[in-house]
Amino acid sequence: MRQLVVLSASRLLGFALLMAGCAETSIQPADDDTIPAGDSDGDSDGDTDSDADSDSDSDTDSDTDTDSDSDSDTDSDTDVSTDCTPACPAIQGQYCNSGSCKPCVNADHCGAAFGACGSCSGEMPVCQGLSGLLAKCVCNASSCASGWRCASGVCEECVTDAACGAACVACASPRPVCVIGDHCGCLGDDCPSGSYCDTEADGGVCASCGNGPDNDAHCGTGCVDCVSLGAMCDTDGACYCDSTSCGPGKRCVGTACEPCNTTEHCGPSCSACAHPTPSCMGGAGCGCADGDCGSGDYCDADAGPDDGADGGAAEGACEPCGAGPAHNLHCGASCLDCSEVGGTCDTEGKCFCSAPGECPPGRNCNADNECVDVNLCCGAGCTDCTAIGETCDTVANECTPCPPSIYTQDFEAASGGFAKTPADGVWAWGSISGGTPPTSGHGNVWGTNLSGDYGNCDDDTLTSPDIDLSGCTGKAVTLSFDVWYRYENQNGFAPYDGFTVELFDGTSWTSVAPAGGWDTVSITATGCGTAPYVNGKPGFEDTSNGWVVKSITVPSGALVSTFKVRFVHGSDNATTDYGAYIDNVRLTRP
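Enquirer: Could you give an account of the packing of aromatic side chains, with specific residues and numbers?
Expert: Taken as a whole and assessed by the stated rule, the structure comprises 11 aromatic pairs. Here the aromatic rings of W484 and Y578 are separated by 6.3 Å at their centres, their planes lie at 70 degrees, and the arrangement is edge-to-face. Here W484 is found in strand β34 (residues 478–486), whereas its partner Y578 is found in the loop between β38 (564–570) and β39 (579–588), with 94 residues between them in sequence. With respect to class, W484 is no different from Y578; both count as buried.

Now the structure itself:
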């Protein structure tokens, strides 16, 4: 019965080397393996049967069988010295051959594969190695399948440039690369300088760049694509073009074709543009656009040649500015547009008016029958209002120092010359950045705090520059402004905080009630040592509930050259809120 001997790795290697040295030696029993007495066949059963039975039946059948049958039977129990199997476990990379342990280094007995010497065959028919344990099955040049090759003892598919396709050939010029593992060929930029990949030929072949018409796409040593330039390859290996090779809408410039989209060369025919069609209109044809025609001419978009490029419409042509009603938009040598400046183009090439109504808003008809700015001609006598420092009242048609819109300040570009007191007080100019007030339509404003609440015990004033209202004597002048405000007492408490508006008449400041009245007749701002100015004054408190417009009629006594308006803000010693925000201060009259 065979016994499987399991060895550790180190003992296994040592034993393998030992077996390699004594592979030709028969394994004999050890000295202490003594055969029991009386058992000449060594089977320890006391049977002295030597298998030389002579048929004399002198067998002593007391377990010391001396049967002398003359049978020539050779019992295998006597083959002790020739049975080496137990001493050559296959795990050691050896096998028993004619009574001797031999390394597994032939095709039938190779290495130690899972406890037995493997047999090499198929794609791995060759046993290769120094000893049983190190031997392994490998391939040879003829054992791998079609399209595979033997590399480092293993079959690998031929899909590299060095081994390609079913025949595993090595790729080289003119087919330098393995194309999809199928065959040698080329793709794109695989070919060396001076050649190109001809993909039309048998999987792609590197072909030399040449000269002449057959090589327009691969011209000269640089393989220039003349076709992309609209040119051809000449016999010297250079791209060239001529007057007939470029096709419609292109012209030959040097060695390449260029689109005709300049003033000199335009449209499908590459014609030269000149007066009256001086400009190339997007490469479609010659024509003109506003500003192309020069002094004394205008561009008539409905005129010009019809080249059919835009569906039959003309490209425009320059025509002289004329006279008479038909030239109202292009009148006289200066090509005036009478519809804008006012009047009608007359026979002399001027825009002519005969009454104020023939001029556009903001212009009047003067004595020379020309529409001019209203301040240059106002009233029955067509007075030049600017000459006397006044403004034309277009409603009353007269010069006046007090026009309908006397003063306007929206604070967008600047602070408007408004000044705050004290200089480090809460009033600030700019955009609202951190509060509840909505900013839609109100970019830059004046506010008591642009990014939060006002403080306790504030006493701050915002004052306009001088505004000359002296020319408005006898006129009804109205001050108006946009405002958003919210103060401490919004929840129904006493008006502890708020602001008021006062007008300066050249001598003193006066509170004038707005249309609709004040929110309170007396602001109570106390508890601050010196009470703020608004304490006891009428004014605005609580909340405006959004942006609102407040209007105040300016008293006649305040129509002076040093008229001013001021906004006065104040608070008590506890609890604050957002305060007031002012925009679009205006002085107007009917």
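Enquirer: Can you explain the state of the cysteines? Please cite residues and give values.
Expert: Inspection of every chain in the model, using the stated rule, returns 29 disulfides. Across a sulfur-sulfur distance of 2.1 Å, C353 and C365 are joined as a disulfide pair. The chirality of the disulfide connecting C353 with C365 is right-handed, given an S-S dihedral of about 95 degrees. Of this pair, C353 sits in the loop between β24 (351–352) and β25 (363–365) while C365 is found in strand β25, placing the two residues 12 residues apart along the sequence. Under the relative-accessibility criterion, C353 is labelled buried at 0%. Disulfide partner of C359: C371, at an S-S distance of 2.0 Å. Torsion about the S-S bond of the C359 and C371 cystine: about -85 degrees, corresponding to left-handed handedness. Of this pair, C359 sits in the loop between β24 and β25 while C371 sits in strand β26 (residues 371–373), placing them 12 residues apart in sequence. Each of the two residues, C359 as well as C371, counts as buried.

Enquirer: So what's going on with the pattern of salt bridges? Which residues, and what values?
Expert: Evaluation of the coordinates by the stated rule reveals six salt bridges. Between R589 and D393 there is a salt bridge; the shortest N-O distance is 2.7 Å. One end of the pair, R589, is in the segment after β39; the other, D393, is in strand β27 (residues 391–393), and 196 residues separate them in sequence. Residue D577 is joined to R486 by a salt bridge in which the shortest nitrogen-to-oxygen separation is 3.1 Å. With D577 in the loop between β38 and β39 and R486 in strand β34, the pair connects residues that are 91 residues apart, well separated along the chain. Given the relative accessible area of 8%, D577 is considered buried.

Rules used throughout
Residues numbered from 1 in each chain as written. Predicted model: local features only at pLDDT ≥ 70, side-chain atom pairs only at ≥ 80, totals over all residues. Heavy atoms only, no water. Phe/Tyr/Trp six-rings, centres within 6.5 Å; stacked < 30°, edge-to-face > 60°. Helix = DSSP H or I, 4+ residues; strand = E, 2+ residues; numbered from the N terminus. Buried < 20%, exposed > 50% of the residue type's maximum accessible area, 1.4 Å probe, protein only. Disulfide = S-S within 2.5 Å. Salt bridge = Lys/Arg side-chain N within 4 Å of Asp/Glu carboxyl O.

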